[in-house]
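Notes for the structure review
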Amino acid sequence: MKTHALRLAAVSFSVFLAAATALRADAIYVNSATGYSVTVHDSSTIFNTTAGFNGNRTDFGGSWGSQYVGGGATWSGTQSFSATFQANPGSVFTGAYINFGQWSFAVPEGSYVELYMDWSLPGAVYTGSDHTPLYDPYGHGGVYWDIGEGGGVYRWKHAINQGGGGFGFMSFMDFSSLLLLDNVSSFTMSFNLGIAHGGNTFGDNKGAGLGFSDFQVAPTLKAGEPKDPPTATVPETGATAILLGAGLLGLLGASRRLKMNPV
């Protein structure tokens, strides 16, 4: 029976540790001047190290990119990002603008670099138009985007000997097009993306590459009551830890009773 009690205590402690880890998994950023807070989910693999508020815009930092190395992999692997915006009481979201911040690329002669991206913002209605002209995945490349209800896809390819980028942003929809939101208290923006590259290399045995400095979201707010139902209240971290601790003590007490009163 002692072995049973020890096993029960070990399992209980493992559950407690797992729950305690989950409590501090997501990073929450608050700036009272913006009228909302942002939670960057632990599932994010890029742009998850910092979040800065620039006026009404949130810049998610942590530069990311990929460069082809001769004889190596031609795919960056799939990367992800997810963040939830929560309006302060008395305010609602009416829309959002989204794009990448500064970016740059380099492509040696006879090489290529291509970005694949699928994104979502559930409940959003796109006010711009789709873009397919000049996009040739088998030729020099171009830009393509297709946006439906609550999300879309984006493709960008360059296969000409050239380097460059944008000091402003890379938009994956019409310039300054708003994603409309219907007076909601919160929304979640997420995407998955990856970079394919290959072909020739420069003298350092590195070839085509593409990199980004940050990801930007600019929500629009107004005063009002949300139309969406309120989300369940998340217990304050300290209180939750106390509850978990109490549960652990209860399980340990049960193990003692089992030891004293074997079946």
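Residues numbered from 1 in each chain as written. Predicted model: local features only at pLDDT ≥ 70, side-chain atom pairs only at ≥ 80, totals over all residues. Heavy atoms only, no water.

**Remarks on unusual backbone geometry**
How we decide: By the criteria applied, helices consist of DSSP H or I runs no shorter than four residues and strands consist of E runs no shorter than two, each listed in order from the N terminus. Each residue gets one of three labels from its accessible area relative to the maximum for its type: buried under 20%, exposed over 50%, partly exposed in between, using a 1.4 Å probe on protein chains only.
Non-glycine residue Phe47 carries a positive phi angle of around 55°. Mapped onto the fold, Phe47 is located in the loop between β2 (36-40) and β3 (50-54). Phi at Asn205 takes a positive value of approximately 70°, unusual for a residue other than glycine. Mapped onto the fold, Asn205 is located in the loop between β14 (186-199) and β15 (206-223). Given the relative accessible area of 38%, Asn205 is considered partly exposed.

**Here we look at the environment of Tyr68**
Just so we agree on the cut-off: It only takes one pair of heavy atoms within 4.5 Å for two residues to be counted as in contact.
Tracing the backbone shows Tyr68 in strand β4 (residues 57-69). The spatial distance from the C-alpha of Tyr68 to the C-alpha of Ala208 is 5.5 Å, given a sequence separation of 140 residues. Those residues in contact with Tyr68 that lie beyond four places of it in its chain are Ala73, Thr74, His197, Gly198, Gly199, Asn200, Thr201, Asn205, Lys206, Gly207 and Ala208.

**As for the layout of surface pockets**
Formally: A pocket here means an open set of points on a 1 Å grid, computed over the protein atoms alone, that has protein on both sides within 12 Å along at least five of seven lines. A cavity is instead a set of points where a 1.4 Å probe fits but cannot get out; residues with an atom within 4 Å of a point line either one. Grid points are joined across faces, edges and corners, and a volume is the space filled by probe spheres set on the points.
A volume near 200 Å³ is recorded for the second largest pocket. Elements represented by at least two residues in the lining of the second largest pocket include exactly β6 (91-100) and β15. At three residues, β6 tops the list of elements feeding residues into the lining of the second largest pocket.

**Description of the confidence of the model for the protein chain**
To keep things clear, this is the line we draw: Each residue carries a pLDDT score, the predictor's confidence in it, ranging from 0 to 100.
With 75% of its residues at a pLDDT of 70 or more, the protein chain shows a mean pLDDT of 80. Element-level mean pLDDT values for the protein chain span from 38 in helix α2 (residues 237-260) up to 98 in strand β5 (residues 79-87). Considering only residues more than four positions removed or in separate chains, one finds that residues 1-24, a stretch of pLDDT under 50, has 21 contacts. Contacts for the low-pLDDT stretch residues 231-263, under 50 throughout, to residues beyond four places or in other chains number 22 contacts.

**Topic: the pairing of strand β10 (residues 141-148)**
Cut-off, in case you're wondering: Pairing between two strands is assigned when DSSP locates at least 2 bridges connecting them.
Relative to strand β11 (residues 151-158), β10 is paired through eight bridges, and the arrangement is antiparallel. Bridging from a neighbouring strand, Val143 pairs with Trp156 of β11. The loop that links β10 with its antiparallel partner β11 comprises two residues; one of these, Gly150, has a positive phi angle of about 75°.

**Digging into the sheet that holds strand β1 (residues 27-31)**
Our working definition: Lines fitted to C-alpha atoms define the axes, with helix axes restricted to the stretch in contact, and inter-axis angles between N-to-C directions lie between 0 and 180 degrees.
The sheet built from seven strands is open, its strands ordered β1-β2-β5-β14-β8-β11-β10 with antiparallel pairing. The open sheet terminates on both sides in strands that have one partner only, identified here as β1 and β10. In this sheet, neighbouring strand axes are inclined to one another by 15° on average, regardless of whether the strands run parallel or antiparallel. One ladder, built from ten bridges, connects strand β8 (residues 111-120) with β14; its direction is antiparallel. Across the sheet, residue Ser120 finds its bridge partner in β14, namely Ser190.

**Examining the packing of aromatic side chains**
The condition that has to hold: When two rings of Phe, Tyr or Trp (its six-membered ring) have centres within 6.5 Å they constitute a pair, described as stacked for plane angles under 30 degrees, edge-to-face for angles over 60, and tilted for the intermediate range. A ring is considered to have a charge above it if a Lys NZ or an Arg CZ atom is located within 6 Å of its centre and within 35 degrees of its normal.
Tallied over the full model, the rule gives 24 aromatic pairs. Each ring, one from Phe100 and one from Phe212, has its centre 4.6 Å from the other, and the planes form 35°; the classification is tilted. Within this pair, whereas Phe100 is found in strand β6, its partner Phe212 is found in strand β15, the two being separated by 112 residues in sequence. Across the pair, exposure class does not vary: Phe100 and Phe212 are buried alike. Directly above the aromatic system of Tyr112 lies the positively charged group of Lys157, at a separation of 5.5 Å from the ring centroid.

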